[in-house]
Amino acid sequence: MSITRLALQNFRKSVSTYLSLILSLAFTIMIIYNFQCIVFSDLFDTLEEPNKGYINVIIEVITVVLVFFLLFFIWYSTNVFLTRRKREIGIYVFMGLSNQRIGKLYAVETLFIGAAALVLGLGVGALLTQLFQMILLALSDISVDLHFQIALEPVLITTGIYVAVYTLFIIKGYVNIVRSSVLNMISASRRNEYVRENRLLLVGKAVLGVAILSTGFYLAVRAGGVEVIESLLAAVVLVIMGVYLLFGGFLPLLFQGFVKNKAVLYRGERTLWINNVVYRMRKNYRTYAMTCVLMLCSVTALATSFAMRNRYDNIVRFRRTYTFQILSDVPGSQEQLAGLIGRDNNILYESCVELLSLDASLVDTQFNYGNYMIVPYSQVASLAEDAGLEPLFREPAEDEVIGLSHVVLLSFITDRSDITYTINGRVLREIHDTDEPYLGYLQEIGNYLVVNDRFYDELKPLGWSVMYVYSFGIEDPENFAASKDELDAFVSAERAQGHYTGCVTIDPHDKTADWIKVLYSLCIFVFMVFVLASGSILFMKLYNDAFEERGRYKVLQKIGCSERRLRRAVSRELGCTYALPFAVMAGSAFFSVHALERLMSENLMTVYGVSVLIVLAFFLVFYRASVRLYYKNAGI
Amino acid sequence: MHSEKIVEIRNLVKDYGVKGFQTRVLKGIDLTIFSNDFIAIMGPSGSGKTTLLNILSSVDKPTLGSVLLDGRDITKLSNKELSRLRRDKIGFIFQDYNLLDTMSLKDNIALPLALNGVAGRECSRKAEELAEMFGLKDHLDKYPYQLSGGQKQRGAACRALITGPEIIFADEPTGALDSKAGKDLLDALLRVNEQGNATILMVTHDAYSASYAKDVYILSDGAMKCRISRGGSRKEFYDRIMDTQVSMGGDFT
């Protein structure tokens, strides 16, 4: 019988055993394929450039994260697979097969599994693409006519990535088998995973883990200027390392302590499940750490998603403060403009404010944004009253300034405590920065500083020009087009006289911010992918463990351990498996969401709580299913 | 001496197979075990030894007949009651030790007590006491994979004894051990029995092991063929067992 036929036969026989492996590989492939499909589809064409570009960049970033996940996942699962197969195929040694041929047998068998997963993943992926896109669009609140399409590029790219990663690990497995001794092969899966580790080493690991984790948390929530990007990246790396060390050091230490303290251990079925947890700790701590990190990603993604949705609403509200804004160097046009707009629309509120445009060279500050517009305090204060907006922080003194910024998606500058401007030789301290839309849409596209009226008068002769902003909020923004002709005529007339006049009209159906909604739904998908991935990794692990436990539970039943007792021990052990990564995640997520809070300068603690609860709900479902299946597989 | 009846087997019959094609494996066995007995059951392969032990240890149910343990017919108990019976009244020693490789030897020995809700300190004390008796004192913190077969089997014997069961069922306890390890185990079991701490029923095919018992029953073709009781020295008893085996013929391995 040829190696290929033998491998095929093995594969067919054991396909049900490795079903969980095939399914999870297929799932990952399907997700990558679906994301690639979005890149190559005309789905977001309606969003127009550069927004479509933003989305594609984000999808590429997500794909990179997914590829890393695929890498780790294949690494993990092929390792499990290799250990399990080694003993079985090790028997072929006694039939006179050389290590090379056994290695080949393994490689071919693994290839079949990989191929099955690829076909399944792409097949289901192709079928579900439309559903996936439909959900994505529905979540993003964007309407596009979908049509079934299978593009070649996503298939090729997905296959390429997967084959490259998978081949790498097949080769690794092959080399591993070729190099291992017969004894090693036969005893591979029987070898006791548990070796009580040196206490000192564990303490060292635990202390180091806590230290690294705390440093990571500190870096994540530390406020700062542009260096925040670097500290965030460092925080991500440190938190991942810290979580690994925590699970590799602190938890074994804790549980070994339980095992040592017999007064604690010998209490009902506790001796059974705590010993089981310790026994598997060495093999499992990486799995715990991995699921913990994945869950952390998922909670952060969900929090980001909620925050994005919120931010989208804020941006839209910000923009829609006024429907019409006329910028002109002609003073006193407010009444005339109100008359024009009043013909077709009911004006709710209106305002006029004077601006002084300063050349960038006259302003010196840490973050130089270009030209600055200076606004006198008294005018903004009366505008706030007219438009029903929040009053300004307080009147700035002569050496103080208030910044008018707009709602941004993210800002890496999380520390705004020490900002100063040097205008015309005078140093002004920023006492407050507000994103209240005093100047509506115009506030989004320029830099505005509110200063003391006296200082404003001082500056007036230095400026390029004095401009006036006339802003109008109307009752029915949908009816904006009705006033458009009159306003256009007004602008043309002024221009004809040599004035600088422009008009901004806000269309409530404007789509330029829609890509943020897509971001929101993509984040939800990332959350789903990660939460399902972490859940299914634990699920798969427990599914496999249950078979190994069969014999042990049989013995326990023989010596009189009742089914109820065994079930209770199992549910405790499994509960522990899910609870440990969850608890560490819930703690770490507090910091990651806090970091996000600073980037978005918004309170996200409710979002944190809700996200953690959602993950908990998912995990409870996984836990229940695991326990059920465990009973069945372990024969209790 | 024969003070108290522990197990009473009456007309035990066991059939295997579907209706019409049945094989009678046990053909009406009667046996009474008294407190502090040490009984060995011998017999050639296929004689029904394992079936008998499975029924006695409530893993299997008989076709006919009854097994009274502690005055209750175990063939009529519910699963829950059987679990409790196995936990409280019976100790098991298996051929392949069946220690849990997830826990240390001490935890293995203490397991039945801990499951019974005995306080941790008491579990520890009893486990240590038994380990001392079986020469395992220095190995308590080791895991099964760090122990030899003999040590494992002595550990299993400790686990069987720790709850102070009415009776110990031992299924070929020396089957997987070399002669030295087998002798160590049997010596220890004998010691416990002689101290009046255990009633033992052992199934074995090995005449040397059987010679440690007080009575040897020979099972052949589903029925008790004869009973040999120990009179003088063990050497003499061993010779008598061998003679009976030879006279009966058959494969005893």
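Residues numbered from 1 in each chain as written. Chains lettered and ligands numbered in written order. Predicted model: local features only at pLDDT ≥ 70, side-chain atom pairs only at ≥ 80, totals over all residues.

(A) Representation of the overall build of chain A within the structure. Helix and strand content of chain A: 18 helices and 10 strands. Taking the principal axes of the C-alpha coordinates as reference, chain A spans close to 100 × 55 × 45 Å. The 636 residues of chain A split such that 42% are buried. Taking the intrachain contacts of chain A between residues at least 6 apart in sequence as the baseline, contacts between residues at least 24 apart amount to 85%. (Helix = DSSP H or I, 4+ residues; strand = E, 2+ residues; numbered from the N terminus. Buried ≥ 20, exposed ≤ 12 C-beta atoms within 10 Å, placed from the backbone. Contact = placed C-beta atoms within 7 Å.)

(B) Quick peek at the pairing of strand E3 (residues 38-42) of chain B. All names here are of chain B. When you tally the buried positions in E3, you get five out of five residues, the bulk of the element. What you see with E3 is no split at all: Phe38, Ala40 and Met42 on one side and Ile39 and Ile41 on the other are buried throughout. Judged from the four bridges that link them, E3 and strand E8 (residues 200-203) form a sheet pairing that is parallel. Note on E8: the bridge partner recorded for phenylalanine 38 is isoleucine 200. Where E3 and strand E9 (residues 215-220) come together, four bridges link them in parallel fashion. Each bridged residue has a counterpart across the sheet, and for isoleucine 41 the counterpart in E9 is tyrosine 217. (Pairing = 2+ DSSP bridges.)

(C) Representation of the environment of A:Asp45 in the model. All names here are of chain A. Checked against the element boundaries, aspartate 45 lands in the loop between helix H2 (19-40) and helix H3 (51-90). Look at aspartate 45 and you get exposed, because 10 C-beta atoms sit within 10 Å. Expressed as a C-alpha distance, the spacing of aspartate 45 and valine 144, which sit 99 residues apart in the sequence, is 9.3 Å.

(D) A look at the nonpolar core. With 215 residues, the main nonpolar core has A:Ile29, A:Val243, A:Met295, A:Ala303, A:Cys523, A:Phe530 and B:Ala157 as its most contacted residues. Here this core takes 25 residues from helix H10 (residues 270-319) of chain A, the largest share from any one element. Here this core spans two domains, and each of domain 1 (1-191) and domain 2 (201-318 + 512-636) of chain A adds at least three residues to it. Residues contacting A:Cys523, with those up to four places away along its chain left out, are A:Ala301, A:Leu302, A:Thr304, A:Ser305 and A:Met308. Core analysis: the second largest hydrophobic core is formed by 39 residues, A:Val375, A:Tyr377, A:Tyr448 and A:Val450 among them. (Core = buried A, V, L, I, M, F, W, Y, C linked by C-beta atoms within 7 Å. Domains from an automatic or database assignment.)

(E) Spotlight on the interface of chain B and chain A. Contacts between the two partners involve 24 residues from chain B, matched on the other side by 22 residues from chain A. Looking at which element gives the most residues to the side of chain B that touches chain A, the answer is helix H3 (residues 105-115) of chain B, with six residues. When grouped by side-chain class, the residues that make up the side of chain B that touches chain A number 12 nonpolar, six polar and six charged. (Nonpolar A, V, L, I, M, F, W, Y, C, P; charged D, E, K, R; others polar.)

(F) Seen up close, helix H18 (residues 605-634) of chain A. All names here are of chain A. Here H18 contains 30 residues, and its C-alpha end-to-end distance of 42 Å stays within 8% of the 44 Å for a straight helix at 1.5 Å per residue. When we look at burial in H18, the residues that qualify are Val607, Tyr608, Ser611, Val612, Val615, Phe619, Phe622, Tyr623, Ser626, Tyr630 and Ala634. Its buried side turned inward, H18 meets H10, helix H16 (514-558) and helix H17 (563-600). Just downstream of H18, glycine 635 is the residue with a positive phi angle, here 70 degrees. (Expected span 1.5 Å × (residues − 1).)

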